[in-house]
Amino acid sequence: MNKSIEMSLNPLVQFLKKSPKEFTKADIITYIEEMGVEMLDFRYVASDGRLKALNFVISDRSYLEQILSSGERVDGSNIFPTFVNVGSSDLYVIPRFSTAFIDPFKEIPTISFLCSYFNKDGQPMEKSPEYVLKKAAQSFRDVTGMEFEAMGELEYYVIGDSEDLFLTPDQRGYHESAPFAKFEQFRCQCMHYMAQTGGLIKYGHSEVGNFTLNGKIYEQNEIEFLVTNVQDAADQLIIAKWIIRQLAYMNGLSVTFAPKITTGKAGSGMHVHTRIVKNGVNQYVTNGALNETAKKAIAGYMTCASSLTAFGNTNPTSYLRLVPHQEAPTSICWGDRNRSVLVRVPLGWTSENDMVATVNPLEKPASGDFSQKQTVEFRCPDCSADIYLLMAGLVTAARHGFEMPDALTVAEKTYVDVNIHKAENKAKLESLAQLPDSCWSSAEALDQHRAIFEKYGVFESDMIDAIINSLKSFNDKNIRQELKENPDKMMELVNRYFHCG
């Protein structure tokens, strides 16, 4: 048996002895009958970025067959109020069997599925964010002959009662362990549930941010995933956010994915690592060095960076995080191992030294090529993002890099190897384009770049119009000046968008 299947924590994989991509309707029915599953849940993402639920009691075999064969109707005008007309609002939700998982929270045995949206004619809903991502991935494949992969880093604050024991210094929580980190056990339970629902987890840890306020401790955590195909990467992030919130609720805790929750403390991002592969081989690296394929993709990110915020930074508090010296980017540039840049090329195991054999003398030198792990990290998004549209935007930007005749020149001009926030690098900083400072500016950038996103029909024109109008409706064009004049407005914004995404 395949070792990845044998070691999977997903009960469906363990029982069926096959990967989720191979799940069929017959497999699902077999599991339900033999394991005594009593309910089904359809889950699907609305325009607010959160999972919705439709619950079914399995009353007999024919009804079960009907649910899995035809899906169900939902009111699209409530799910996508900006995109769907009330006069013709019915949509179908159709379960994707490959996403099936056992709900870890239900006492009644329940299988959940993520669903896709279809219109009245039985065709995929063109403006469904999940389908937009599918179109983006296909257009990338058609143009480049390669596959786009990704993984996300979820940052969030856990909020619980303050304690006087084993306190961590303010803003010094990076990779802290218990008992100084108070919510390590909670994070590990979240990760275990994510793995049971099919998530590919890389690791979890506490992050920089921690502080106490009004008798509560705010502790920042991060969970990072493994690189996989971009559509699965998006699904995993959606389910992970639901798990973190639900488990927090059941434990009497609160969590927030908000980009910024108070002045002078680390904000929470949702960095996205990307990789391009062909026949399973990483195309970013040649002979241990970043190659032209990677630089073309990076050039696409550089060119589209300002407009990508329209999908990845979608409320006014997003732009309170994108300020200097707060572990967040402000300038459109890239660099190796450089955390002051928008796109970072992290360490990629490109050295020929066998570090494990060095510290473990009994081990024979490994023969694997670990440079396959090399990724490129896009650092400005946060969890206000529409995850599917953000991923679609990144895929489209990378594709555009391969279509740009001057891509390598753009990559060369935007590369930096210094901390751009230091005073001695002021001249370099002033030469770089800056990220938008508000939803309004982000909307204007999207309007300027809309032809890139609309190409090949990935994003429909009226969908881009709706996103622009939504961003401008915040009326935050002068938000930073307004906050200087009225500092209390920041907490008003924080409270309003505390549970964004």
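Above: the structure in question.
Along each chain, numbering runs from 1 in the same order as the chain's sequence is written. Only residues with pLDDT of at least 70 get local features here, since the model is predicted, and only at 80 or more are side-chain atom pairs given and counted; chain-wide, interface and lining totals rely on the full set of residues. As a rule here, side-chain values cover all heavy atoms of the structure and leave hydrogens and water aside.

Caption draft 1: Local environment of the overall build of the chain. Numbering of helices and strands runs from the N terminus, with a helix taken as a DSSP run of H or I at least four residues long and a strand as a DSSP run of E at least two residues long. Secondary structure summary: the chain contains 18 helices and 18 strands in total. Only the C-alpha atoms count toward the radius of gyration. The rule for a globule is 2.2 Å times the residue count to the power 0.38. Against the compact-globule benchmark of 23 Å for 501 residues, the chain has a radius of gyration of 23 Å, which places it among compact chains. On the principal axes, the C-alpha backbone points of the chain span a range of 70 × 70 × 55 Å. For every residue, the accessible area obtained with a 1.4 Å probe (protein chains only) is divided by the maximum for its type, and the residue is called buried under 20%, exposed over 50%, and partly exposed between those limits. Per-residue burial for the chain yields a buried fraction of 54% across its 501 residues.

Caption draft 2: A look at the pattern of salt bridges. For this analysis, a salt bridge means a side-chain nitrogen from Lys or Arg found within 4 Å of a carboxyl oxygen belonging to Asp or Glu. Counting across every chain of the model gives 30 salt bridges. The partner of Arg61 in a salt bridge is Glu33, with the nearest N and O atoms 2.5 Å apart. With Arg61 in helix 4 (residues 61–70) and Glu33 in helix 3 (residues 25–35), this residue pair connects regions lying 28 residues apart in the sequence. Judged by its relative accessible area of 42%, Arg61 falls in the partly exposed class. For Glu33, a relative accessible area of 48% puts it in the partly exposed group.

Caption draft 3: Fine view of the state of the cysteines. The disulfide criterion used throughout: a pair of cysteine sulfur atoms within 2.5 Å. Counting across every chain of the model gives zero disulfides. Cysteine Cys190 shares no disulfide, and the gap to the nearest cysteine sulfur, in Cys188, comes to 9.2 Å. You can see Cys500 has no disulfide; the closest cysteine sulfur is in Cys383, sitting 7.3 Å from it.

Caption draft 4: Inspection of a nonpolar patch on the surface at higher detail. Each patch is built from residues lacking any salt bridge and having more than 30% relative accessible area; the joining distance is 9 Å for like charges and 5 Å for nonpolar side chains (Val, Leu, Ile, Met, Phe, Trp, Tyr). For every accessible area listed, the method is Shrake-Rupley and the probe measures 1.4 Å; residues are considered covered only by the protein chains on display. On the surface, a nonpolar cluster with roughly 310 Å² of combined accessible area is contributed by Leu165, Phe166 and Phe180. Among the structural elements, Phe180 can be located in the loop between strand 7 (147–161) and helix 7 (184–196). By relative accessible area, Phe180 is classed as partly exposed at 34%.

Caption draft 5: Summary view of the pairing of strand 7. Burial analysis of strand 7 places 13 of its 15 residues in the buried class, which makes it a mostly covered element. Strand pairing is assigned whenever DSSP identifies at least 2 bridges connecting the two strands. Of the strand pairs in this sheet, strand 7 and strand 12 (residues 272–278) are connected by six bridges, and their pairing is antiparallel. Paired with Ala150 across the two strands is Thr274, which belongs to strand 12. Pairing of strand 7 with strand 9 (residues 216–225) involves nine bridges; the strand directions are antiparallel. Each residue of the ladder has a partner; that of Val158, found in strand 9, is Glu219. Sheet topology note: the strand 7/strand 11 (residues 254–256) ladder contains three bridges and is antiparallel. Each bridged residue has a counterpart across the sheet, and for Tyr157 the counterpart in strand 11 is Thr256.

Caption draft 6: Expanded view of helix 3. Taken residue by residue, helix 3 has Asp27, Ile28, Ile29, Tyr31 and Ile32 as its buried positions. Every residue pair with non-hydrogen atoms within 4.5 Å of one another is taken to be in contact. Among the structural elements, helix 2 (11–16), strand 1 (39–45), helix 4, strand 5 (101–102) and strand 6 (110–118) are those in contact with the buried residues of helix 3. A positive phi of about 70° marks Gly36, the residue just after helix 3.

Caption draft 7: Inspection of unusual backbone geometry at higher detail. The linkage connecting Ala178 with the following residue, Pro179, adopts the cis geometry, with an omega of 5°. Mapped onto the fold, Pro179 is located in the loop between strand 7 and helix 7. Unlike most non-glycine residues, Phe166 shows phi in positive territory, near 50°. Non-glycine residue His175 carries a positive phi angle of around 60°. Tracing the backbone through its elements, the reader meets His175 in the loop between strand 7 and helix 7.

Caption draft 8: Region of interest: the environment of Asn419. Mapped onto the elements of the fold, Asn419 is located in the loop between helix 13 (407–413) and helix 14 (426–430). Look at Asn419 and you get partly exposed, because its relative accessible area is 34%. The spacing of Asn419 and Ser340 is 79 residues in sequence and 5.8 Å in space, taken between C-alpha atoms. Apart from the residues within four sequence positions on either side, Asn419 is in contact with Asn338, Ser340 and Asn425.

Caption draft 9: Spotlight on empty space enclosed by the protein. A pocket, in this scheme, is an open set of points on a 1 Å grid over the protein atoms alone with protein on both sides within 12 Å along at least 5 of 7 lines, while a cavity is a set where a 1.4 Å probe fits but cannot get out; residues line either one if an atom lies within 4 Å of a point. Grid points are joined across faces, edges and corners, and a volume is the space filled by probe spheres set on the points. Counted according to the given criterion, the structure contains one cavity of 30 Å³ or more. When its volume is computed, the largest cavity comes out at roughly 70 Å³. Every residue lining the largest cavity is listed: Tyr44, Val45, Phe80, Arg96, Leu114, Cys115, Tyr117, Ser128, Pro129, Glu130 and Tyr388. Every element with two or more residues in the lining of the largest cavity is listed here: strand 1, strand 6 and helix 6 (129–144).

Caption draft 10: Representation of the environment of Asn55. Structurally, Asn55 is set in strand 2 (residues 51–57). Under the relative-accessibility criterion, Asn55 is labelled partly exposed at 47%. Once the C-alpha coordinates of Asn55 and Phe42 are considered, the two residues, 13 residues apart in sequence, prove to be 6.6 Å apart. Beyond its immediate sequence surroundings of up to four residues, Asn55 is in contact with Met39, Leu40, Asp41 and Lys106. Polar contact is defined as a pair of N or O atoms within 3.5 Å, subject to the rule that within protein one atom must be able to donate a hydrogen and the other to accept it, and that residues adjacent in sequence are counted only when both atoms are side-chain atoms. There is a polar contact of 2.8 Å between the side chain of Asn55 and the side chain of Asp41.

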